[in-house]
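# Descriptive structure summary
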Amino acid sequence: MKIAVVVQRYGPAINGGAELHARYIAEHLARHGEVEVVTTCATDYVTWRNELPTGVEQVNGVPVRRFRVKHERDPRVFAKRSERVFQQRHSIGDELEWLDAEGPTSPALIDHVSKHASEFDFCLFFSYRYYHAYYGARAAPGRAILVPTAERDHTIGLSIFGPLFRSVRAVMYNSPEERAMINAAAGNEAVPGVVVGIGSNVPASTQPNRFRQKHHIRGPFAVYVGRIDQNKGCNELFDYFLEYLNDPAGKLSLVLIGNSLLDIPSHPRIRHLGFLDDADKFDAMAAADLLIMPSYYESLSMVALEAWALGRPVLANGKCDVLKGQCIRSNAGLYYEDAAEFIGMLEALEQHRWLAGSLGRNGRQFFREHYDWPVIERKYLEMFARLKNEAPQTQADTLPGWFDRRRQDLAPADEVLARLPGGPATAIDESGGRRRA
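A brief look at the structure comes next. (Residues numbered from 1 in each chain as written. Predicted model: local features only at pLDDT ≥ 70, side-chain atom pairs only at ≥ 80, totals over all residues. Heavy atoms only, no water.)

## With respect to helix α12 (residues 321-330)
Counting buried positions along α12 yields 9 of 10 residues, so the element is predominantly enclosed. Among all positions of α12, only Asp321, Val322, Leu323, Lys324, Gly325, Gln326, Cys327, Arg329 and Ser330 are buried. Its buried side turned inward, α12 meets α7 (176-186), β12 (290-293), α11 (302-309), β13 (314-317), β14 (333-336) and α14 (353-370). Residue Asn331 follows α12 closely and has a positive phi angle near 50°. (Buried < 20%, exposed > 50% of the residue type's maximum accessible area, 1.4 Å probe, protein only. Helix = DSSP H or I, 4+ residues; strand = E, 2+ residues; numbered from the N terminus. Contact = heavy atoms within 4.5 Å.)

## Some remarks on the packing of aromatic side chains
Under the definition given, this model contains 20 aromatic pairs. Both rings, one in Tyr128 and one in Phe165, keep their centres 5.3 Å apart while their planes meet at 40°; by these two values the pair is tilted. With Tyr128 in the loop between β5 (122-126) and α5 (131-139) and Phe165 in helix α6 (residues 161-167), this pair connects stretches of sequence that are 37 residues apart. Accessibility classification places Tyr128 together with Phe165 in one group, the buried group. Ring centres of Tyr296 and Tyr297 lie 6.5 Å apart, and the angle between their planes is 45°; this geometry places the pair in the tilted category. The structure contains a cluster of three or more aromatic residues connected by ring pairs, namely Tyr128, Tyr131, Tyr134, Tyr135, Phe161 and Phe165. For the cation-ring pair, Arg138 lies above Tyr134, with the distance from its terminal atom to the ring centre recorded as 3.9 Å. The ring centre of Phe282 lies 4.4 Å from the NZ or CZ of Lys281, which sits over that ring. (Phe/Tyr/Trp six-rings, centres within 6.5 Å; stacked < 30°, edge-to-face > 60°. Lys NZ or Arg CZ within 6 Å of the ring centre and 35° of its normal.)

## So, the packing of helix α4 (residues 107-116) against α5
Closest axis-to-axis distance for the α4/α5 pair is 9 Å, and the angle between their directions is 25°. Accordingly, the angle class assigned to the pair α4 and α5 is roughly parallel. Of the two elements, α4 crosses α5, and the hand of that crossing is right-handed. In this structure, α4 uses Pro107, Leu109, Ile110, Val113 and Ser114 to contact α5, whose residues at the interface are Tyr131, His132, Tyr135, Gly136 and Ala139. Residues of the contact of α4 with α5, tallied by class, amount to 7 nonpolar, 3 polar and no charged. (Axes fitted to C-alpha atoms, helices over the stretch in contact; angles between N-to-C directions. Parallel < 35°, antiparallel > 145°, perpendicular 65-115°, else oblique. Left-handed = near helix turned anticlockwise from the far one by under 90°. Nonpolar A, V, L, I, M, F, W, Y, C, P; charged D, E, K, R; others polar.)

## What about unusual backbone geometry?
Cis geometry marks the peptide bond from Gly103 to Pro104; its omega dihedral reads -5°. Locating Pro104 in the fold gives a position in the loop between α3 (92-102) and α4. A positive phi angle, near 55°, is found at Asn60, a position not held by glycine. Residue position: Asn60 is located in the loop between β3 (55-59) and β4 (62-67). With phi around 50°, Asn331 is a residue other than glycine that occupies positive phi space. Counting through the fold element by element, Asn331 comes out in the loop between α12 and β14.

## Things to note about the pairing of β5
The buried fraction of β5 is high, at 5 of 5 residues. Alternating positions in β5 separate into two faces, Phe122, Leu124 and Phe126 on one and Cys123 and Phe125 on the other, with burial throughout. Relative to β5, strand β1 (residues 2-6) runs parallel, the two sharing 4 bridges. Directly across from Val6, in β5, lies its bridge partner Phe125. Examined bridge by bridge, β5 and strand β6 (residues 144-147) share 4 bridges and lie parallel to one another. (Pairing = 2+ DSSP bridges.)

## So, the side chain of Asp321
Within the secondary structure, Asp321 sits in helix α12. Buried Asp321, no salt bridge; nearest opposite-charge side chain is Arg152, N-O distance 4.3 Å. Reaching out from Asp321, the side chain makes a polar contact with the backbone nitrogen of Gly423 at a distance of 2.8 Å. Excluding residues that lie within four positions of it along the chain, Asp321 makes contacts with Arg152, Glu177, Gly422, Gly423 and Pro424. (Lys, Arg positive; Asp, Glu negative; His and termini not counted. Salt bridge = Lys/Arg side-chain N within 4 Å of Asp/Glu carboxyl O. Polar contact = N/O pair within 3.5 Å; in protein donor to acceptor, adjacent residues only side chain to side chain.)

## Examining the nonpolar core
Core analysis: the largest hydrophobic core is formed by 66 residues, its most contacted members being Val5, Ile25, Leu124, Phe126, Phe211, Leu291 and Tyr380. Considering every element that reaches this core, the biggest residue donor is α11, with 7 residues. If we ignore the near neighbours within four places in the chain, the residues touching Tyr380 are His21, Ile25, Leu29, Leu124, Phe126, Val147, Met172 and Val196. Phe78, Leu99, Phe120 and Tyr135 belong to the second largest nonpolar core, which has 46 residues in total. (Core = buried A, V, L, I, M, F, W, Y, C linked by side-chain atoms within 4.5 Å.)

## Some words on the side chain of Glu298
As for its placement among the helices and strands, Glu298 is situated in the loop between β12 and α11. On the basis of relative accessibility, which here comes to 9%, the residue Glu298 falls in the buried class. There is a polar contact of 2.9 Å between the side chain of Glu298 and the side chain of Lys232. A polar contact of 2.9 Å, which involves the side chain of Glu298, links it to the side chain of Ser295. If near-sequence neighbours (up to four positions away) are discounted, Glu298 is found in contact with Ala150, Glu151, Lys232, Met293, Cys320, Val322 and Leu323.

Without other data, these values stay purely geometric and don't point to any function.
So this is what it looks like as structure tokens:
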């Protein structure tokens, strides 16, 4: 079996959710067949600047083939085109121009996929919203499998993606919420799909005391792991945690791990450690009393799964359907929707050790049953076997003609998003249905 993994950027130092997801899948599928990664020369998701050489290199034993990005992202052009398609009536042409402005635009990558797709059994395209997945899936008809990593944001309301979801051979969903959202937006229920998610390379043993000594951290603390920016809900996290600190009974500190795009509040009980390697990160999570996940937009929280694998409870943003659903399905986390609930839940976990311990144990079991690597690998291999025994049922997604591309008859993506049903699912339902909380 030969598999291509096609993703916007790739490398051991790239720790974005979808990109790390793609690397983990590539490395684990390499145990079962021949895997090649196809990606760009970019490392930065804001500029898409070419920073790595073209050609093939080995990354953790997997060959990685890189292609140049045609142009860097122009923030002003991207913002203007985003406002157009998200907030105004527009055309398919406007959406395609938005896709080009978002980047990373790499015609060379698409040309390679078109010429060599027939050499692979299947091509896995990660992150539906990018140029390489939209055009790459067309370039690999009958072999394209989509791993959409779709969040509940306005991009899902763009019309160009419906035909993409309906034309691929299969869709590997991250969560029941993601599956229900895409089904509602694209009407692609007939396309084979499975809720599979992603595992994690959680070490068999951790050294929490080593972490505390290395970083001079004493006392109880909550940890946040990930990119520190507004889109991840970090401004709200800071506001809510500063309110919590006004209560003299609260003893928790907040430790932040990850690169920051925001100013960190100056307070002795808020520590920013920057980017840490995996060993240090897992030691930190094992040392923490809980993990806080404040994001509004997720297709699946890998860091929440990692916290549960280590037996730690999670406090999550309840306004994110996926995070709320993960907490409900696992019975391993609490969630909040405002400052009062944030403080109340934080104090409950701090003051009732039996509660935190029970949630952590539930999380460890949930991870083992649904996200341990043997489970993830089995789901991929079963889908490959199924598709090999089935003739393609979907039709190729053809681009509209010149006049149709310019017809200004599409609703703003924000309006489309607002009409999609929402809410968490209470169980992972492989049949595709949603069980309401």
